[in-house]
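# Fold and contact review
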Amino acid sequence: METPASFLSPAGVQPVESSQPKSRKHKRLRAARACDRCRVKKYRCDECTPCYHCRRHALDCTYSGGQIVRIDGQPGDASYLRSLQRLVGELTSRIHPSSSDATTTRVSDGHFGLDNLTPATSPEIVHRSRSSSAHPEAPSIPPSPPAGPDVALEGEGSEINNYTKGIEFHGSTSSMAFLRCLHKHSQSQPLGPLQDTTASDPKGGTSFISVLHNPGFTSQGPVTPEDGTPRDKRILSRQAHIFIQGYFESLHVITPVIDKEEFYTRAQSLWRDNSLDDDSSFMALYFSVQSLGALVRVWDEDLLDGMGRFEWSRKLFGEAQQYLNMHQFSNDLDTVRCLLLMAKICQNELSPHMAYMYMGQAIRTCLSAGYNRETPGQSEKQARLISRTWWGLFAMDIEMSLSLGRPDTLGLDAYHNRRLPPKDSSEVAIIPCMVEFGRIMRKVAVDVYHSPQPLQRKFEDAIRIEQEMDQWVRTLPDNIRPDLSRPEAFLGGLKEPNWSRRQRLVLAIRYHNVRMLLFRPFLVYSGGTGTKTTIEARDGILKCIDSAQATIQTIHNVFMVQTFFRSWWWNTTYIMFAATLLLLHANTPTSSPQRDALLSSVDMAVKILEAMDESVVAKRSADIIASHVGVIREAVVDTLVSAPAINLATSALPDQGFLHNYDLALFDGMTNVFEELEGWYNEFYTSQEY
């Protein structure tokens, strides 16, 4: 009979052969665990319950320390599997008493097996948790909070927008989450002058969603097509040419889903004979192109026919929405592209919640028409247009969803077999490049933010994802590949077209934005726990800070020489990401040697936001960041003023506790340098002959 001790021996380990002759009589094996009576009487116990001797004398059979666990049968038998299941269940109930009832139920029902083990009760996890609890004084990694995803998910939450009265969820990768983390980890006061009676919380606080809401922008727009203006004057006007050109020279090159030549051909037909009078889908697209063009073009004039940038854009947005309402649930290609552009308009109006809603509608419209699938009967030109639209929408949805901390609406990649546009030297090549990067963004959201893994495992995943990002940069076409080591490298050569320079610039900013998100949990962890971080965690923090400073520096450099970039309002989000991370790190004691450099970068971010003061959201963002900078600087001054003076003549040297707020790794590095210099000095002079 096989004993429990022999069953629980390591699998695959063979017994060591004895060097003595095999003819020697083997010693009788003792019972691994005898009952109490057999132990007293020195009987050989068979370890049953009750055992042979206790059954024979009709006595109670007890085992000190509890019931013995038996493994009956041979491997492969049903009794053997049942015994194994019973053993796993009893061991699990001892380790996790709270789940013992559920475990016992599964065992008694006969449905509990190794395949049903959850991660919380798997042997590997149980062993790891027992080992860590046995040695709490010497952890191999920084002590993580009890719930693995809590650090990564810090700052997420739902709030009521007091302007719209709607509930909005902003996840851990959103700018709202960054601001919540900053307020939680800092000593700053409430928003004060930014508080508004219409944005006040019923409990007396302030909602960031309400404070950073754009009250001048709504989904319906300020006018309707029946505003009294003749139809031909709304369609064919001097402004139409200006705004359409403004779109194709700016944001079109970042998401080139519309064929410029085809669009102008159809627009000219509309201007000439009104032959597209009944095509409401193209009319919606037509006005959405103008709306986005009016919003992001460079305005050399304050007013155009008595109206400014935002007035024109919102008027045309309302026109497009009214044409969409004429034929609800239309799912042709013009409707899809119109919805995509309207999401872009909401994004640059800094209304990301509305942008997410329009983007979801565009995705569903695409799926309902099968634009994500290769279908027969399409011409080559039509297939190319559909491919550009679908995959441009795919990449944009992932990026927008990540910036809000929400899931995208695309479903599994296996559903989408539409061919990608080629990676050639044209402006359309950015679409397949961003599709590849979008899949990397998904890994950031899932593996780093929403995976129930310990912090050390998340750091390993972050390093792996960063390597994928670097490989992605190396595979980009030469004419749009950014030089990440030089923030000014977007300028390119003298003969390069504008679209390649702008694509290269945007790809660099998006790379650094995702890299910030990738390593942000480790910065939040170090700022919130107060424990000494490991070398790996410090490395992740440095990468996060490096990308934050590179983002601000790059955008600032472009603002200084290029006027077009100042009206790409979505840059506000990138700046807010970077500035809040720098402020969060500047508010920790270990950042004191770099605090001046960190705050200088934040000052640069404030200047960028102030340059976009046409947008009320950008202006309020600048006020929030500037107020935090002021609080940190005042705290530093107060600390210096209140620090007691040290009399060097009478005071003893301070012990190591005096340096508890500084990163001692810096001093270790200085010590190593001096030791190497001393070794070099001794080696040099002992080698000299006199």
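Each remark here, short or long, concerns the structure printed above.
To start, this report covers the structure provided alongside it. (Residues numbered from 1 in each chain as written. Predicted model: local features only at pLDDT ≥ 70, side-chain atom pairs only at ≥ 80, totals over all residues. Heavy atoms only, no water.)

### Comments concerning helix H22 (residues 595-611)
For H22, spanning 17 residues, the distance from its first C-alpha to its last is 24 Å, which sits close to the expected 24 Å at 1.5 Å a residue. Buried within H22 are the following residues: Arg 595, Leu 598, Leu 599, Ser 601, Val 602, Met 604, Ala 605, Val 606, Ile 608 and Leu 609. (Helix = DSSP H or I, 4+ residues; strand = E, 2+ residues; numbered from the N terminus. Expected span 1.5 Å × (residues − 1). Buried < 20%, exposed > 50% of the residue type's maximum accessible area, 1.4 Å probe, protein only.)

### Overview of the packing of helix H15 (residues 352-369) against helix H16 (residues 380-404)
At their nearest, the axes of H15 and H16 sit 10 Å apart, and the two run at 145° to each other. By crossing handedness, the relation of H15 to H16 is classed as left-handed. Where H15 approaches H16, its residues Pro 352, Ala 355, Tyr 356, Met 359, Ala 362, Ile 363, Cys 366 and Leu 367 are matched on the opposing element by Trp 390, Leu 393, Met 396, Asp 397, Met 400, Ser 401 and Leu 404. Split by residue class, the contact of H15 with H16 holds 13 nonpolar, one polar and one charged. (Axes fitted to C-alpha atoms, helices over the stretch in contact; angles between N-to-C directions. Left-handed = near helix turned anticlockwise from the far one by under 90°. Contact = heavy atoms within 4.5 Å. Nonpolar A, V, L, I, M, F, W, Y, C, P; charged D, E, K, R; others polar.)

### Overview of unusual backbone geometry
With an omega dihedral of -5°, the bond running from Thr 49 to Pro 50 counts as a cis peptide bond. For Pro 50, the location among the structural elements is in the loop between helix H2 (36-41) and helix H3 (52-56). Of note, Glu 47 is a non-glycine position whose phi angle comes to about 70°, a positive value. Counting through the fold element by element, Glu 47 comes out in the loop between H2 and H3. Accessibility expressed as a relative area gives 4% for Glu 47, which makes it buried. With phi around 55°, Asp 305 is a residue other than glycine that occupies positive phi space.

### Structural notes on the packing of aromatic side chains
Across all of its chains, the model carries 25 aromatic pairs by this definition. Their ring planes at 70° and their centres at 5.2 Å tell us that Phe 564 and Trp 568 sit as a pair that is edge-to-face. When sorted by exposure, Phe 564 lands in the same class as Trp 568, which is buried. An aromatic cluster is built from Tyr 247, Phe 248, Phe 263, Tyr 264, Phe 282, Tyr 286, Phe 287 and Tyr 323, whose rings are joined through pairwise contacts. Its guanidinium or amino end placed over the ring of Tyr 356, Arg 406 lies 4.9 Å from that ring's centre, counting from NZ or CZ. (Phe/Tyr/Trp six-rings, centres within 6.5 Å; stacked < 30°, edge-to-face > 60°. Lys NZ or Arg CZ within 6 Å of the ring centre and 35° of its normal.)

### A few points about the side chain of Arg 502
Looking at where Arg 502 falls in the secondary structure, it is placed in helix H19 (residues 498-529). Although buried, Arg 502 forms no salt bridge, and the nearest oppositely charged side chain, Glu 249, lies 6.4 Å from it. (Lys, Arg positive; Asp, Glu negative; His and termini not counted. Salt bridge = Lys/Arg side-chain N within 4 Å of Asp/Glu carboxyl O.)

### Topic: the pattern of salt bridges
Within this structure, the stated rule accounts for 29 salt bridges. Residue Lys 443 is joined to Glu 468 by a salt bridge in which the shortest nitrogen-to-oxygen separation is 2.8 Å. Of this pair, Lys 443 sits in helix H17 (residues 430-449) while Glu 468 sits in helix H18 (residues 455-474), placing them 25 residues apart in sequence. The partner of Arg 464 in a salt bridge is Glu 468, with the nearest N and O atoms 3.3 Å apart.

### Observations concerning the side chain of His 252
Position of His 252 relative to the elements: it lies in the loop between helix H10 (238-248) and helix H11 (260-273). For His 252, a relative accessible area of 2% translates into the label buried. When near neighbours in sequence (up to four residues on either side) are disregarded, His 252 contacts Tyr 247, Ile 258, Arg 388 and Glu 427.

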